[in-house]
Amino acid sequence: MGRSNAKRIAHEIERLQELAEWYEKHDEDYDVKEHEARTFLIVPLIMSLGWDEKRMKIEWKHKDVALFNAPYSEKNEPIIIIESKRLWDGLGDAPEQAESYTRQHKACRQFVVSDGIRYKLFSKPKHARKFRFSAYLNLRTPTLKHPYERGVKGAVSFLLKM
């Protein structure tokens, strides 16, 4: 990751933090639904990480966001699936839902569940059978490791793996 990329990502995270703070202050008046969290928080972060529109499909085959190695075509399989949830509702069953989507795509070795503020990355090593919770990003309070899940890395690892 080059210096200009790092600056772009840092700038976008700062902008998203300000938006998240605004949402938090206006929580009683402003309900951020899943589509809004995906549109205003998740997709801008993903794009700042270098994913462009040609390698991304929104609401593709019942998956909220699918990321591809190359520009999308019917022949390509996603390598990352993102399941979005409504802001502040928690991620509850989202990992099971997202993992079920990955079973249809052998090339998909990672999935993310997010409410737009909290991002959980699950990875499946090459010869493993199961996905494991491997990295966590909370846009409001980025950390180097998950605050209470042992062995789960934090924001830097999440950003680098994406």
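An account of the accompanying structure is given in this report.

Here is what the cut-offs are and how they apply
- Residues numbered from 1 in each chain as written.
- Predicted model: local features only at pLDDT ≥ 70, side-chain atom pairs only at ≥ 80, totals over all residues.
- Heavy atoms only, no water.
- Axes fitted to C-alpha atoms, helices over the stretch in contact; angles between N-to-C directions.
- Helix = DSSP H or I, 4+ residues; strand = E, 2+ residues; numbered from the N terminus.
- Parallel < 35°, antiparallel > 145°, perpendicular 65-115°, else oblique.
- Contact = heavy atoms within 4.5 Å.
- Nonpolar A, V, L, I, M, F, W, Y, C, P; charged D, E, K, R; others polar.
- Pairing = 2+ DSSP bridges.

### What about the packing of helix H1 (residues 3-25) against helix H2 (residues 34-48)?
Stage number 1. Following both chains from N to C, one finds H1 and H2 inclined at 170°, their axes separated by 9 Å at the closest point. With respect to H2, the axis of H1 lies roughly antiparallel. Packed against H1, whose contacting residues are Arg-8, Ile-9, Glu-12, Ile-13, Arg-15, Leu-16, Leu-19 and Tyr-23, the element H2 presents Phe-40, Leu-41, Pro-44, Leu-45 and Ser-48 at the interface.
Stage number 2. Classifying every residue of the contact of H1 with H2 by side-chain character gives nine nonpolar, one polar and three charged.

### Things to note about the sheet that holds strand E4 (residues 110-114)
Stage number 1. Pairing within the open sheet is mixed, and its six strands lie in the order E1-E2-E3-E4-E5-E6. Where the open sheet ends on each side, the last strands, each with one partner, are strand E1 (56-60) and strand E6 (132-138). Recorded for the sheet is a direction-independent mean angle of 20° between the axes of neighbouring strands.
Stage number 2. The pairing of strand E5 (residues 118-123) with E6 spans six bridges and is classified as antiparallel. Its bridge partner being in E6, Arg-118 is matched across the sheet by Asn-138.
Stage number 3. Lying over the sheet, H2 contacts E1, strand E2 (63-67), strand E3 (80-84), E4, E5 and E6, oriented at roughly 165° with respect to E1.
Stage number 4. The strands touched by helix H3 (residues 94-102) within the sheet are E2, E3, E4 and E5, with E4 carrying the most contacts at an inclination of about 150°.

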